[in-house]
Amino acid sequence: MRIEMRRTTALLLALSILSATPFFRAGAQRSSNRQQRTGEAPTPPAPAETVIRNATILTVSHGTLQNSDILIRGGKIAAVGQNLKASANARVIDGTGKYVMPGIIDCHSHSMLDAINESTYAVTSMVRTRDVLNPTDVDLYRELAGGVTTLNILHGSANAIGGQNTVVKIKYGRPAEEFIFPGAPPGIKFALGENPKRTNFPTPAGQPRRYPATRMGVEEVIRDAFTRARDYKKLWDEYRARLQKGEKNLIPPRRDLQLEPLVEVLEGKRFVHAHSYRADEILMLIQIADDFGFKIRTFQHALEAYKVAREIARHGAGASIFIDNWAYKIEAYDAIPYNAAILVRAGVNTSVNSDSNERARRLNIEAAKAMKYGDLSEDEALKLITLNPAWQLGIDSRVGSIDVGKDADLCLWNGHPFSVYSRVEMTFIDGEVFFDRQQDLARRADLERERATLEQAEPNRAPSSGGTSPSLPRGRRPAYGHDDDELDGGNDQ
Amino acid sequence: MPNHRFKFIFAVVALAALLSSSVPIAQAQDSAIDTYAITGARIVPVSGPVIERGTVVIRNGLIQAVGAEVPAPADARLIDGTGLTVYPGLIDAYTTLGMPQPTPQASRTGGVGASPAATPAPSPSPQASQFSSPNSTQPVGLQPELQAIDYVRAGSPEIEAARSSGITAALTSPREGIFMGQSALVNLAGANATQMTLRAPVAMHVGFTPLRAGVYPGSLLGVFSALRQMLLDAERLRIATLIYEKSPRGLRRPEHDRSLAALFPVLQREMPVVMFANTEREIRRAVDLAEEFNLRLIIAGGAESWKATDRLRARNVPVLLSLNFPRRTTAQSSEADPEPLRVLRARVEAPKTAARLQQAGVRFAFQSGAMTNMADFLLNAAKAVEHGLARDEALRAMTIRPAEIFGVADRLGTIEAGKIANLTITRGDIFDKSARIAYVFIDGRPVDLRPVTPTAPGGANAGGTWTLNINLGEGDVASTLTLEQQGGRLSGSISGALGSAEIANASVGAGGEIRFTAPLTIGGQTTEATFTGTISGNEMRGTVQVEGRSPGSFTGTRPNAPPSNAPSTTPPTQAQPRTEEISK
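Numbers given to residues run from 1 along each chain, matching the order in which its sequence is written. Note on labels: chains are lettered from A, ligands numbered from 1, in written order. Per-residue local features are limited, in this predicted model, to residues with pLDDT of at least 70; the limit for side-chain atom pairs, both in listing and counting, is 80 or more; totals at the level of whole chains, interfaces and linings are taken over all residues. Hydrogen atoms and water are omitted, and side-chain values are computed over all heavy atoms in the structure.

1. So, the overall build of chain B
For chain B, the helix and strand inventory stands at 15 helices and 27 strands. Residue exposure (1.4 Å probe, protein chains only): buried if accessible area is under 20% of the type maximum, exposed if over 50%, otherwise partly exposed. A burial count over chain B gives 56% of its 584 residues as buried. Whether two residues touch is decided by their heavy atoms; if any such pair falls within 4.5 Å, the residues are in contact. Restricting the contact set of chain B to residue pairs at least 6 apart, pairs at least 24 apart contribute 61%. Values of accessible area rely on a 1.4 Å probe in the Shrake-Rupley scheme; residue burial ignores everything except the protein chains shown. If you sum the accessible surface of chain B, you get close to 23,100 Å²; carbon and sulfur atoms cover 52% of it. Helix and strand definitions here come from DSSP, where helices need a minimum of 4 consecutive H or I residues and strands a minimum of 2 consecutive E residues; each element is numbered from the N-terminal end.

2. Some remarks on the packing of helix H5 (residues 220-246) of chain B against helix H8 (residues 280-293) of chain B
All names here are of chain B. Each axis is a line fitted through C-alpha atoms, taken for helices only over the stretch in contact, and angles between the N-to-C directions span 0 to 180 degrees. Packing of H5 against H8 brings their axes to within 11 Å, and their N-to-C directions diverge by 20°. In terms of orientation, H5 and H8 fall into the roughly parallel class. H5 and H8 meet at a crossing whose hand is right-handed. Along its contact with H5, which presents Leu-220, Phe-224, Leu-227, Arg-228, Leu-231 and Leu-232, the element H8 presents Arg-285, Leu-289, Glu-292 and Phe-293. For the contact of H5 with H8, the residue count by class is seven nonpolar, no polar and three charged. Each angle is binned into one of four classes, with values under 35 degrees roughly parallel, values over 145 roughly antiparallel, values of 65 to 115 roughly perpendicular, and all other values oblique. In this scheme, a crossing is called left-handed if the near helix is turned counterclockwise away from the far one by less than a right angle; it is called right-handed if the turn is clockwise. Residues are grouped as follows: Ala, Val, Leu, Ile, Met, Phe, Trp, Tyr, Cys and Pro are nonpolar; Asp, Glu, Lys and Arg are charged; every other residue, Gly included, is polar.

3. Considerations on the environment of Ile282(A)
Residues and elements named next belong to chain A. Mapped onto the elements of the fold, Ile-282 is located in helix H7 (residues 279-292). Spatially, the C-alpha atom of Ile-282 lies 7.6 Å from that of Phe-299, the residues being 17 residues apart in sequence. The contact partners of Ile-282, leaving out residues within four places of it in the chain, are Ser-276, Tyr-277, Phe-299, Ala-302, Ala-305, Val-308 and Ile-312.

4. With respect to the pairing of strand E16 (residues 423-427) of chain B
For a regular strand, side-chain orientation follows a simple rule: the groups alternate between the two sheet faces. Residue and element names in this part refer to chain B. Counting buried residues along E16, four of its five residues qualify, which places the element largely inside the surrounding structure. Two strands pair when backbone bridges link them, and strand E5 (residues 84-88) and E16 are joined in this way by five bridges, in the antiparallel orientation. Residue pairing in the sheet places Val-86 in a bridge with Ile-425 of E16. One bridge is not enough; two strands pair if DSSP finds at least two bridges between them. Looking at chain direction, E16 and strand E17 (residues 436-442) are connected through five bridges and run antiparallel. Looking at the pairing, Ile-425 lines up with Tyr-439 of E17.

5. Quick notes on the sheet that holds strand E11 (residues 204-206) of chain B
All names here are of chain B. Strand order in the open sheet formed by six strands is E8-E11-E12-E13-E14-E15, with mixed pairing between adjacent strands. Lying at the two open borders of the sheet, with one neighbouring strand each, are strand E8 (179-182) and strand E15 (364-367). Adjacent strand axes in the sheet meet at a mean angle of 25°, parallel and antiparallel pairs treated alike. Looking at chain direction, strand E12 (residues 273-277) and strand E13 (residues 297-301) are connected through five bridges and run parallel.

6. As for the packing of helix H13 (residues 437-456) of chain A against helix H10 (residues 341-349) of chain B
Where H13(A) contacts H10(B), the axes come no closer than 10 Å and their chain directions differ by 50°. Here H13(A) is positioned oblique relative to H10(B), judged by the angle of their axes. Crossing angle aside, the handedness with which H13(A) passes H10(B) is left-handed. From H13(A), Leu447(A), Glu450(A), Arg451(A), Leu454(A) and Glu455(A) reach across to H10(B), where they touch Leu341(B), Leu344(B), Arg345(B) and Val348(B). Split by residue class, the contact of H13(A) with H10(B) holds five nonpolar, no polar and four charged.

7. Regarding helix H10 (residues 363-372) of chain A
All names here are of chain A. Extensive coverage of H10 is indicated by the burial of seven of its ten residues. All of the buried residues along H10 are Leu-363, Asn-364, Ile-365, Glu-366, Ala-367, Ala-368 and Ala-370. Tucked into the core, H10 has its buried residues touching strand E6 (104-109), strand E14 (349-352), helix H11 (378-383) and strand E15 (410-413). Positive backbone phi, approximately 100°, marks Gly-374, located one or two places after H10.

As structure tokens, then:
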């Protein structure tokens, strides 16, 4: 619960969020074990079919359809059109006056991480965000409430070569293993510039300064790592060849978890998501990639990408940027809000990410700004948070647009998603409802009652004697909900 | 009264032996009375039906006979069991009993009241660990060759407190680390580790606390990678050694690495691995890791194990379930934020966990979970019974289940002829609040019982609500830090002007060294911060590392330490006056 709102709404929302979990747990596959968790009546299994009737459908891939239906069957989009036939027991959602768009995809998130950086080394390709996912992070529920369905969970940017990413669907309420996006290609975080050279992160007293300390050093660290990875691959290739020849008594080479993912990068099996700001360092990394024969999948942040848009396009990389956040450190000054438009016009696959649990709830507005700055069309702007990040994560055949056969990852809005006045009514993942505003509102009274009951329970009663009073913070307590938050560049990890 | 009689007899016999043969006292005691008969008692053998009125005969450290019609031998010391119930000796399935207390670290400022300027600033290098292996190629904290049995010391107050609460044997493991080392099952009586040991090593122990002071792995991310790499390296060394031993000519000899070699029995499934995991996600991560390397997993802690019974049952993973149930320790304050629903729920759910595991068919044994008042062990087991756990199952969880899990069911855990004579004898039913421990037999001898008094926890007392002032270069910013403690492990939350969040990677040493991480919200950016400091009494101070900023500092105070015993036995200490709180 990192961002505070006005206290009353914060309290209500928190109450609803903290126990929304069991409420949205529909589906037959959840065992009695799960229902037993709360002692509540089992939720009815999700209907085999759901149909959204008479909505405005922002397909992203083939324009906007008025007064149309979407049929969801088996977690997939089964049909899109008018007057669709659905089975008698299908759940029918009236979409009159409402808008449906594909679930939003955030290509840069640090939600649900119990640890973000392993900053002891400059190369930590061995660490995996998959190991430290926290599926109970309340930010996830807030992101669902903003229409987000898929996240690229990235390691932080402390290291030239950071840890492995995880692409997840926000199946809030489920264990972490059910979040994993099936079949999403693996990826890895790289980082250039001030963060890996630790410009803004002075060394704690008594500890040696970590190498690298300059942009030259960052480049060297990456080249050195790939040189080692190439040697490592050769070592294993030779061993396998000797094994093939029937040689006996061979001791296998050491498996090196740091170099294995880099070999996968060299083999084109693992996507590189490179945190970067300046045009020169973007070109530097493209040069390294060309020298070693691999591809950068995305430049993350890439505030100066507009200066080298053609080079990025030629390399075949995407760019995942902020629309109008900059100047939060030296390397983030030379930015313009037309970055997205320039990149799109240059043929670069471009997305807008959050890098912030706060901004992740309002990526729709970030995309809308791209229409103001540089005159992107509505579909082009929508693609920044749907189909384009889907390509950047290698999942565009599954999600990112409303097309028959794709996963039913959708969000239903009460108005056009590019309006600041619009709200998400429902969010679907694989055809299941993971956020429902009406149910959330209805549940709040139950939660108040549950709290009252729990507070009376013996282990929750304050000790009649002894024990400490919760003390008050001594300093000034600032007001909540300042929009000043938005002056920053997000988590910038 | 009977105790005094025994003591007297012991003294006379010991003295006589000493005078006659000048043998060491320990041996002299060995030759003292070793035959006892508890007659006319209710006997709960666990292995079979309850004997309403029967006799247990103990000879030479073993149970010689048990039954309704068993006669007491002529040479036996008789104990009138009328009104008593005899149970198998209770086993505490996870402790650090007998492990050395880490030496308290000198205060960073040279003691309370000393001027910081008067003493040179100590380097923030980590305190030398009590547990380290000489010549290991691995850093302290990743040395699986460490053996609890090398560190066990007999006769600590904690051991006395445990057995006075009816506990006769305990699994004890080194206190700290990622690969913490190997545990031992010990009897809680005996002059030294050799006499105490029932079985060693029993299991490999894994904690997930990152190493300190900039050493890899410095985060939970790295912890998993370091565990994986060591297990892979060990497996390669194992294979290389096999190949080399078969035919060494022409091969470079594999390194002789005792740290890696200690993992061979783990990889071969000869030795189980106890992983510390409380939340559902921690448990699922542990199961994932065990599946990846085909390890024989045991979960220790298990607070939310009832949410992961699917995985636990599928892999037949037993749980060493902590009876140290959470409870509220802070007084009411109308000014404070309400406690999160999650916390309120967890406290209410805790006593229900055992019954849910039973229903789901997950094996479990009870452990004390570093509770500070050992009287809670039986009281909380009784709470589990109140919340639906079958009585006999609760008793098994303290006797035969741990014996099975630790591979000693053939010699411990039930009252059967030929088994080790560990017995817990109560006046009243063991789950009755008014029950009293009457006798405890360990290795066939009655042990002294003392009134149970709370003992110092594994780590310095860090629990409670702290008022933190965090200085990140722009003046003090206030936050409230709420800590719940389980031995050296901490959990809790931080809230205030820098946002609200759960803390992670939290630990406290016995010298008061505290460490935790928390996401802070600074000017809209949410960033991970690492707090490292020292607790001294009701004050703490230290440094804050925040990504993207110069290191900051923090100080903290709490009105007073939380009581270290159960509410039911809390002495009526004076409540903190509210007025003082508000005037701060």
